[in-house]
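Residue-level listing of the chains:
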2 protein chains.
Amino acid sequence: MRIGIDAMGGDFAPEVAVMGIIQASKEIPAGATIVAYGDATIIELILQRENCNSSNIEIIDAPEVIGMNDHPAKAFQIKQNSSITVGFKHLHGGKIDAFASAGSTGAMMVGAMYTIKSIQGIIRPCITGPVPKLSGGKMTTLLDVGLNSDCKPDVLYQYGTLGNLFAKYYYEIENPKVCLLNIGSEEEKGNLLTRAAHELMKDSFDYKFCGNIESNELYSDKVDVIVCDGFTGNIVLKQVESLYNVAQELNVSNPFFEHFNYENHGGTPVLGVNAPVIIGHGASNAKAIKNMILQTHKVIVSDLTEKIKQAFQ
Amino acid sequence: MRIGIDAMGGDFAPEVAVMGIIQASKEIPAGATIVAYGDATIIELILQRENCNSSNIEIIDAPEVIGMNDHPAKAFQIKQNSSITVGFKHLHGGKIDAFASAGSTGAMMVGAMYTIKSIQGIIRPCITGPVPKLSGGKMTTLLDVGLNSDCKPDVLYQYGTLGNLFAKYYYEIENPKVCLLNIGSEEEKGNLLTRAAHELMKDSFDYKFCGNIESNELYSDKVDVIVCDGFTGNIVLKQVESLYNVAQELNVSNPFFEHFNYENHGGTPVLGVNAPVIIGHGASNAKAIKNMILQTHKVIVSDLTEKIKQAFQ
């Protein structure tokens, strides 16, 4: 297994990205190689400085960087030696099994759509966010959390399918409870979008639809997959994640709040594309990068991409 | 000053509503009379049982109840002796200065639109939710939190004006910072609605527009008024309020979490109608009813309705 990782991606790369790679190389199961894309000279310097000679790290020289202010599509085309462009070429060519980056989300999506492309039948790929359960049960999956701000009802229906497969194969939840995020529990509640989506979802035979869920029940056992448009999901997820900082600022401690620390999750896989692609936080520190790499390993092992392809055949 | 209150409104009325009225009668400033609409026999029985002979409580017999399952518009018309119908007739006729209820929100809105009506120039009245600041500063106002699930950009622009006036006269914030809730700080971020609303708001001379705010900064000092559509606002507010229960369930205590307990706020005024109307939580207990009455007093004193009328002349 070969896990591609962008060593130039994220606000504090390459330093922090390489430190994360070193940490991951010590924890990742045997048989997996971490393939780092970036400026080989700098990466090697950091590895030497840290006395790291892990045999499971491989370096591919791709010194150009697509910055946060670059136009994603243009930069992806022009910067042929950028870590993201080379990474996607290798992913498309089968030289790696997955590609992960904490760099420009826009460039990552352009890369995915230009090279490996959407799985046939998928209207819109999406990204997910993890929401903990107060009971301590397996994580709930929120989707979309930001790729598609304006969605049609059939897209929400499909998010149900994607979230169901993610919960099933990534979190190993046997028969996930899929709910629609809404502003009332009754069927007729909501805005134009959720009312129309509810109509489609209630007859679903692709997943177990359990009706509407309100945002005061995010952490409940009633739900394993929460479906919404990318605008709403992004707002809900950032509000969820902010709880970690709120707890810190108030000096309030409880293990539950640790779940809200994105460092512990790493990144989010893009659901609905033809190979595993993982996008991390721009502000990722070494721990977040390490966890993104371990998460990428888990996504590959779960065979999620194949399961999605089968479901949409 | 005469404050109308629905004694039949809320899941635990009239018992809990009357208990709240009794508590409020002891705390409300001199010169104010609480006018209770409901079944006079039952209200008097509870007052006697509680040995309450407050001279500042007046009872208007209106024994019918508009239930949560009634069709709001039909029930408001047919149940001419319901507490809500009689209350709005009196508000319209000037017999009371405000009307508050924890009963059917639908019937309250029908009552407001049929009797006192929207202020001229207001496209859509709306309701607000309070969001605390981590610094302990004055409350931030979130609007709309549920009246209008699908909004046009000009409606969001107007929410800015309404929220600005509310923050100014109710919370006494001198020059409120008005922000648009969005999924990025940059101008071009967002969905179709927020991008168009941003275009309108950035040129506002009705209020001090301070750009986009993300949901991980809800509790910050950067903002006093947060504008969004009613679907998003309802989801954000319920997520905010759920923190109180999360803290209780985790056995985590901090004064900050008390802000999230709706009992301490009471209800929400409907902004943009021709007289003060306050809507409370259906699940209100006596403390929440008491605070709703005190809040109604404060809304009257702030002269908010008049300030809104002047702004839209």
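See the structure printed just above.
Computed from a predicted structure; not experimentally measured.

1. Some thoughts on the pairing of strand β2 (residues 33-38) of chain B
All names here are of chain B. The buried fraction of β2 amounts to six of the six residues, a majority that puts the element mostly inside the structure. By the alternation rule, side chains of β2 split into Thr33, Val35 and Tyr37 and Ile34, Ala36 and Gly38, which are all buried. One ladder, built from five bridges, connects strand β1 (residues 2-6) with β2; its direction is parallel. Among the inter-strand pairings, aspartate 6 is bridged to a residue of β2, identified as tyrosine 37. The parallel pair β1 and β2 is bridged by helix α1 (residues 15-27), and the resulting crossover is right-handed. Sheet topology places β2 next to strand β3 (residues 57-61); five bridges connect them, and they run parallel. Paired with glycine 38 across the two strands is aspartate 61, which belongs to β3. What joins β2 to β3 is helix α2 (residues 40-49), and the crossover it makes is right-handed.

2. Considerations on the sheet that holds strand β3 (residues 57-61) of chain A
By definition, the strands of a sheet pair up through backbone hydrogen bonds, in either a parallel or an antiparallel sense. Residues and elements named next belong to chain A. Spatially, β3-β2-β1-β4-β11-β10-β5-β6-β9-β7-β8 is the arrangement adopted by the eleven strands of the open sheet, whose pairing is mixed. Of all strands in the sheet, those bounded by a partner on one side alone are β3 and β8 (208-213). Across this sheet, the average inter-strand angle for adjacent strands is 30 degrees, counted without regard to direction. Sheet topology places strand β1 (residues 2-6) next to strand β4 (residues 98-101); three bridges connect them, and they run parallel.

3. Let's talk about the interface of chain A and chain B
Note: interface size is frequently given as the accessible area lost on complex formation between the parts. Listed as interface residues are 33 residues of chain A and, on the opposing side, 33 residues of chain B. For the pair chain A and chain B, the summed buried surface comes to about 3100 Å²; carbon and sulfur atoms form 67% of the total. The three residues of chain A that bury the most area against chain B are Ile183(A), Phe231(A) and Gln239(A), which together make up 22% of that side's buried surface. In this assembly, chain A and chain B are joined by two salt bridges. Between Glu214(B) and Lys238(A) there is a salt bridge, with the nearest N and O atoms lying 2.3 Å from each other.

4. A short note on the pairing of β8(A)
All names here are of chain A. Note: strand β7 (residues 177-181) against β8, four bridges, orientation parallel. By the bridge assignment for β8, lysine 177 is matched with lysine 208. Read from β7 through helix α7 (residues 192-201) to β8, the crossover connection turns out right-handed.

5. Thoughts on the relation of the copies chain A and chain B
Superposing chain A onto chain B takes a rotation of 180 degrees plus a shift of 0.0 Å along the axis, which leaves an RMSD of 0.0 Å. A rotation of that kind, with that shift, is consistent with a two-fold axis. Comparing interface residues between copies, 100% of those in chain A also sit at the interface in chain B, which points to an isologous, same-surface contact.

6. As for the packing of helix α1 (residues 15-27) of chain A against helix α2 (residues 40-49) of chain A
Residues and elements named next belong to chain A. Interhelical geometry of α1 versus α2 gives an angle of 55 degrees and a closest axis separation of 10 Å. Comparing their axes, α2 and α1 come out oblique. Crossing handedness for the pair α1 and α2: right-handed. Across the interface between the two elements, Glu15, Val18, Met19 and Ile22 of α1 pack against Ile43, Ile46, Leu47 and Arg49 of α2. Residues of the contact of α1 with α2, tallied by class, amount to six nonpolar, no polar and two charged.

Procedures and definitions
Residues numbered from 1 in each chain as written. Chains lettered and ligands numbered in written order. Predicted model: local features only at pLDDT ≥ 70, side-chain atom pairs only at ≥ 80, totals over all residues. Heavy atoms only, no water. Buried < 20%, exposed > 50% of the residue type's maximum accessible area, 1.4 Å probe, protein only. Helix = DSSP H or I, 4+ residues; strand = E, 2+ residues; numbered from the N terminus. Pairing = 2+ DSSP bridges. Right-handed = clockwise from strand over helix to strand, strands pointing away. Axes fitted to C-alpha atoms, helices over the stretch in contact; angles between N-to-C directions. Contact = heavy atoms within 4.5 Å. Buried area = accessible area lost by both parts, 1.4 Å probe. Salt bridge = Lys/Arg side-chain N within 4 Å of Asp/Glu carboxyl O. Least-squares fit on C-alpha atoms with pLDDT ≥ 70 in both. Parallel < 35°, antiparallel > 145°, perpendicular 65-115°, else oblique. Left-handed = near helix turned anticlockwise from the far one by under 90°. Nonpolar A, V, L, I, M, F, W, Y, C, P; charged D, E, K, R; others polar.

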